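# Tertiary structure, described
Residues per chain are reported as follows:
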Amino acid sequence: MSTHLYKIFVEDLLVELEKNATGFSLGDIYCGTPTCADDIALISSDPAELQIMLNTIGRYANQHHYNIHPTKSKVICYGSAKNLRTNTWNLSDNVIELSNETTHLGLKRSSKKENEVNIEDRVKSARRTKYALMNSGLHGTNGLSPKISYTIYRTYVLPRLLYGLEILCLTKTQIQILERFHIGTLRAIQTLATRTAKPAVYLLLGVLPVEAEIHKRKLTFLHSLTTCSNNKIKEIINRQIAVNFDNNNSFFFQSALLLAKYNLPDIFDKNIPIPSKLSWKKLVKTEISSFWTLRLKEEAHQM
């Protein structure tokens, strides 16, 4: 309950910032302070306005007798930052300088190459987790059986490899970086040669490529968004679908392509009832598994 209780605790602060209209607005929708528990992101297109938001937060913290960790607060500038290099911001007498990257809700937020930074971080985290599990037998030769090894890999390593990537618009090249780690691990736990064809690696173990795993997570997240009861999120979704739906880098554009690719119901259509969460997850899992199993068998047959 701590995350919900903290949001109740700081609700007055968030309401004050919204009423004062300090922060970024998407059209006529205020979204300057996205918040999860004690992790608040301040979004503004004006350096002076950002300082006003920091002053408001500092005053609120002093009034309610709690401290904000100065080293965990960073400023990231998207786009050209040449004119901001000399800018500094203050939070409760602590100076916050412009930074190249920071972490927000477990994802790296960077001024440039954000996808590459996150993928590198995810692969490192997954590799550390895999090495930590070596002593339990997750090493292929003379270790646990491939089926048990994959269950351990799917439970502990794969979530760390793919955490948060469903919200990013990844390119084929970026997915291939994740795929190399994924296929390498699957070959190792099956004691297969490094040149073993990918369809064989997947079909022998009955697993899916990284791309399919990301698609499952993206479509599950899409269902969570469309069924969310938060009015602010609903307003943003409706606006993005209406205004930004033809943008190739839009989350909703890519989600629509996935719905068509896997022959899934168009949950953007308000005339079609949205399935329950469990039904949707089961449907997504079934359709994606069928699609990729057929594709892998076709590739194996050609080889």
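Here, the structure is the one placed above.
Description of the structure in this document. (Residues numbered from 1 in each chain as written. Predicted model: local features only at pLDDT ≥ 70, side-chain atom pairs only at ≥ 80, totals over all residues. Heavy atoms only, no water.)

## Observations concerning the overall build of the protein chain
When its secondary structure is counted, the protein chain shows 11 helices and 9 strands. C-alpha extents for the protein chain along the principal axes are approximately 65 × 50 × 40 Å. Nonlocal contacts in the protein chain, meaning residues at least 24 apart in sequence, comprise 61% of its contacts between residues at least 6 apart. Total accessible area computed for the protein chain in this model is approximately 17700 Å², and 53% of it derives from carbon and sulfur atoms. In the protein chain, 38 positive and 27 negative side-chain charges are present, and the distance between their average locations comes to 10 Å. (Helix = DSSP H or I, 4+ residues; strand = E, 2+ residues; numbered from the N terminus. Contact = heavy atoms within 4.5 Å. Areas by Shrake-Rupley, 256 points an atom, 1.4 Å probe, with all protein chains shown as cover. Lys, Arg positive; Asp, Glu negative; His and termini not counted. Charge placed at Lys NZ, Arg CZ, Asp CG, Glu CD.)

## Notes on the sheet that holds strand β7 (residues 94-99)
If you trace the 3 strands from one edge of the open sheet to the other, you get β5-β7-β6, paired in mixed fashion. Two strands in the sheet have a free side with no partner beyond their single neighbour: β5 (75-76) and β6 (88-91). Examined bridge by bridge, β6 and β7 share 4 bridges and lie antiparallel to one another. Looking at β7, one finds that T88 is bridged to E97. Sheet contacts for helix α3 (residues 47-63): β5 and β6; angle to β6, the most-contacted strand, approximately 15°. (Pairing = 2+ DSSP bridges. Axes fitted to C-alpha atoms, helices over the stretch in contact; angles between N-to-C directions.)

## Some details on the layout of surface pockets
Approximately 610 Å³ is the volume found for the second largest pocket. Looking at the second largest pocket, it is lined by 22 residues, and the ones nearest its centre are L208, E213, K216, R217 and K285. Those elements that place two or more of their residues in the lining of the second largest pocket are α5 (146-162), α7 (198-205), α8 (210-226) and α11 (277-302). Taken together, the residues that form the lining of the second largest pocket break down as 10 nonpolar, 5 polar and 7 charged. (1 Å grid on protein atoms, 1.4 Å probe; cavity = no way out; pocket = protein on both sides within 12 Å on 5 of 7 lines; lining within 4 Å. Points joined across faces, edges and corners; volume = space filled by probe spheres on them. Nonpolar A, V, L, I, M, F, W, Y, C, P; charged D, E, K, R; others polar.)

## Focus on the nonpolar core
Membership of the largest hydrophobic core comes to 28 residues, with the highest contact counts inside it found for Y153, L161, L162, L170, L178 and L186. Taken together, the elements giving at least two residues each to this core come down to α4 (114-132), α5, α6 (172-189), α7 and α8. If one sorts the elements of this core by residue count, α5 sits on top with 7 residues. Those residues in contact with L162, other than ones at most four positions away along the chain, are L178, V210, E213, I214 and R217. (Core = buried A, V, L, I, M, F, W, Y, C linked by side-chain atoms within 4.5 Å. Buried < 20%, exposed > 50% of the residue type's maximum accessible area, 1.4 Å probe, protein only.)

## Let's talk about the pattern of salt bridges
Once the charged atoms of two side chains with opposite charge are near each other, the side chains can pair. Applying the stated criterion across every chain, the model contains 9 salt bridges. Here E101 makes a salt bridge to K108, at a shortest N to O gap of 3.8 Å. For the salt bridge of R217 with E213, the shortest nitrogen-to-oxygen distance reads 3.1 Å. Of this pair, R217 and E213 are both found in helix α8, 4 residues apart, which corresponds to roughly one turn of the helix. Beyond isolated ion pairs, a larger network of salt bridges with shared partners links E213, K216 and R217. (Salt bridge = Lys/Arg side-chain N within 4 Å of Asp/Glu carboxyl O.)

## Considerations on the packing of α4 against α5
Packed helices, taken two at a time, are described by the angle their axes make and the gap between the axes. Contact geometry of α4 with α5 gives a least axis separation of 7 Å together with a crossing angle of 170°. The pairing of α4 with α5 is recorded here as roughly antiparallel in orientation. Here the hand of the crossing between α4 and α5 comes out right-handed. Each of R122, V123, S125, A126, T129 and K130 in α4 lies in contact with α5, whose residues at this interface are Y156, V157, R160 and L161. Across the contact of α4 with α5, the residue classes break down as 5 nonpolar, 2 polar and 3 charged. (Parallel < 35°, antiparallel > 145°, perpendicular 65-115°, else oblique. Left-handed = near helix turned anticlockwise from the far one by under 90°.)

## Remarks on α8
Helix length check: α8, at 17 residues, gives a terminal C-alpha distance of 24 Å against a target of 24 Å (1.5 Å per residue), a fit within 8%. Taken across its 17 residues, α8 has 14 buried, putting it largely inside the fold. (Expected span 1.5 Å × (residues − 1).)

## Focus on the packing of α8 against helix α10 (residues 251-261)
It is the contact of α8 with α10, at a shortest axis distance of 10 Å, that shows an interaxial angle of 115°. Considered as vectors, α8 and α10 are oriented roughly perpendicular to each other. For the crossing formed where α8 meets α10, the hand is left-handed. In contact with E211, H215, K218, L219, F221, L222 and L225 of α8, α10 contributes F251, F252, Q254, S255, L258, L259 and K261.

## Here we look at the packing of aromatic side chains
Applying the stated criterion across every chain yields a total of 8 aromatic pairs. Relative to Y153, the ring of Y150 has its centre 6.1 Å away and its plane inclined at 40°; by these criteria the two rings are tilted. Here Y150 pairs with Y153, and both are found in helix α5, just 3 residues apart, close to one helical turn. The pair Y150 / Y153 is uniform in exposure class, with both members buried. Where F251 meets F252, the ring centres are 5.4 Å apart and the plane angle is 85°; that geometry is what we call edge-to-face. Chaining the aromatic ring pairs together yields one cluster made of F221, F251, F252 and F268. Positioned above the aromatic ring of W292 is the side chain of R295, whose terminal nitrogen or guanidinium carbon lies 4.9 Å from the ring centre. (Phe/Tyr/Trp six-rings, centres within 6.5 Å; stacked < 30°, edge-to-face > 60°. Lys NZ or Arg CZ within 6 Å of the ring centre and 35° of its normal.)

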